[in-house]
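Chain and residue survey
Each chain, letter by letter, is given below.
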Amino acid sequence: MDGFIDVDEKNRDDYNKVVSHPLQSYEWGEFRKKTGVKVIRRALVKDKKIIDGFCLTLHKVPKTKYYIGYLPKGNPPTPQILEEVKRIGLENKCIFIQLEPNMKAGTVLDVNKKYFRLQKAAHPLFTKYTFVLDMEKSETDLLANMHPKTRYNIRVAEKHKIKVKEDNSEAAFNDYLKLMLETTNRQGFYAHTPSYHKNLWEVLSKNQDQKSKNQLTYHLINASYHPVTTEESQDPTPNPQSLTLTSWVLFVFHDHLYYPYGASSRQHRETMSNNLVAWEAIKFGKRLGLKYFDMWGALGPEPDKNDPWYGFHRFKQGYGAELVEFVGSFDLVIKPAAYEIYKVADKARWAALRVRKMIG
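Residues numbered from 1 in each chain as written. Predicted model: local features only at pLDDT ≥ 70, side-chain atom pairs only at ≥ 80, totals over all residues. Heavy atoms only, no water.

1. Description of the packing of aromatic side chains
Each aromatic ring pair is described using two quantities: the centre-to-centre distance and the angle formed by the ring planes. A complete count under the given rule lists 18 aromatic pairs for this structure. Measuring from centroid to centroid gives 6.4 Å for Tyr196 and Tyr261, while their planes differ by 85°, and the two rings are edge-to-face. In this pair, Tyr196 is assigned in helix α8 (residues 194–204) and Tyr261 in strand β11 (residues 256–264), connecting sequence segments 65 residues apart. For Tyr196, a relative accessible area of 10% gives the class buried. On the accessibility criterion, Tyr261 (12% relative accessible area) is buried. The ring of Tyr67 has Lys60 sitting right over it, with the charged end atom 5.9 Å from the ring centre. Just above the ring of Tyr115 sits the side chain of Lys86; from NZ or CZ to the centre is 5.0 Å. (Phe/Tyr/Trp six-rings, centres within 6.5 Å; stacked < 30°, edge-to-face > 60°. Helix = DSSP H or I, 4+ residues; strand = E, 2+ residues; numbered from the N terminus. Buried < 20%, exposed > 50% of the residue type's maximum accessible area, 1.4 Å probe, protein only. Lys NZ or Arg CZ within 6 Å of the ring centre and 35° of its normal.)

So, in structure tokens, the structure goes:
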């Protein structure tokens, strides 16, 4: 029978075939369940075949009976999909559901926005821009397209004998977590909790079905460095002790490589380990036969140099990737009156957080 069905382990592979981003994958939904979030996955069936689907998470508004829905990086929303999303929102006491379609800017949303009460999001969660690198080019061409300073920094890291390898072990994850805490404390960014990262590692890095090509996989790559002291340089017996300077989490989904999370140490920044990790990540993707490297977020075409994310933007830009713009975020409003109240409260909340950051 045609219509919507729930997505479970039995139809995981068929569901993953029709969604286009890690945040819509079956595996991501399993991870979000473990964090305590309510997850609703639905697939649209026609002629006994899954042709579309989505993964929606529901988040409780503190001290109320209401929820906020979130549907990041979904397929282009159709009227049929939006009707189902709206039904779920009504059934679960949602004030609104935020949609962030995985659609490039310039693409028309072919739906009746007025009917669905669909409007530009009051508080977008996912960045509107990202850098995407075409990895089908040769390594020679990829290096040639980089900024000269980026190429130079890669050579500096190689001269310092930085070693980069994939390691999904618990010990490697603990190194990553230490660096993540150091990085967020240093930069002062709002970040996910250690338990969030641990759940992500536990769910996505283990029990992967290697026979399936349609799954989200997790890969932790670390850059290690062995600083040589004057005494060691005169000692023919090498010291195996090394330091992890950079850790990146990479996702693989369909023909894309993604870089969602990364952390680095303040120690030995002169080794330029971050640059070599990025280059090794690109080569890793090429070995897997992937076509594109999505660097998971960027500022706009005219970035503000005072923006706290400007350094990350310039770092990614150095690899010669294309700056891609998406259509942005939309709120599908379920309860208009409550939505207006929520917007005011949310704005005040973020203002308070900024003040706390400045005085903290």
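2. Overview of the packing of helix α2 (residues 26–34) against α8
Their axes nearest at 9 Å, the elements α2 and α8 cross at an angle of 135°. Comparing their axes, α8 and α2 come out oblique. Relative to α8, the crossing made by α2 is right-handed. On the side of α2, the interface is formed by Glu27, Trp28, Glu30, Phe31, Arg32 and Lys34, while α8 contributes Tyr196, Asn199, Leu200, Glu202, Val203 and Leu204. The class makeup of the residues in the contact of α2 with α8 is six nonpolar, one polar and five charged. (Axes fitted to C-alpha atoms, helices over the stretch in contact; angles between N-to-C directions. Parallel < 35°, antiparallel > 145°, perpendicular 65-115°, else oblique. Left-handed = near helix turned anticlockwise from the far one by under 90°. Contact = heavy atoms within 4.5 Å. Nonpolar A, V, L, I, M, F, W, Y, C, P; charged D, E, K, R; others polar.)

3. Considerations on unusual backbone geometry
Despite not being glycine, Lys161 shows a phi value in the positive range, around 60°. Secondary-structure assignment places Lys161 in the loop between α6 (148–159) and β8 (163–166). Relative accessible area serves as the criterion here: at 61%, Lys161 is assigned to the exposed category. The backbone of His268 shows a phi angle near 50°, a positive value even though the residue is not glycine. Tracing the backbone through its elements, the reader meets His268 in the loop between β11 and α10 (273–287). Note on His268: relative accessible area 24%, which makes it partly exposed.

4. Focus: empty space enclosed by the protein
One way to see where empty space is left: roll a probe the size of a water molecule over the atoms. In the structure shown here, the tally under the stated rule is four cavities of 30 Å³ or more. In this model, the largest cavity occupies a volume close to 80 Å³. Elements with a contribution of two residues or more to the lining of the largest cavity: β3 (49–60) and β5 (94–100). A per-element tally of the lining of the largest cavity places β3 first, with three residues. Classifying every residue of the lining of the largest cavity by side-chain character gives six nonpolar, three polar and two charged. Estimated volume of the second largest cavity: approximately 50 Å³. (1 Å grid on protein atoms, 1.4 Å probe; cavity = no way out; pocket = protein on both sides within 12 Å on 5 of 7 lines; lining within 4 Å. Points joined across faces, edges and corners; volume = space filled by probe spheres on them.)

5. Quick look at the side chain of Thr184
For Thr184, the location among the structural elements is in helix α7 (residues 170–187). Judged by its relative accessible area of 15%, Thr184 is buried. Reaching out from Thr184, the side chain makes a polar contact with the backbone oxygen of Leu181 at a distance of 3.1 Å. (Polar contact = N/O pair within 3.5 Å; in protein donor to acceptor, adjacent residues only side chain to side chain.)

6. Details of the packing of α6 against α10
Put simply, α6 and α10 touch, their axes get as near as 8 Å, and they point 100° apart. In this view, α6 runs roughly perpendicular relative to α10, as classed from their interaxial angle. Along the contact surface, α6 presents Thr150, Asn153, Ile154, Ala157 and Glu158, while α10 presents Ser273, Asn275, Leu276 and Trp279. Classifying every residue of the contact of α6 with α10 gives four nonpolar, four polar and one charged.

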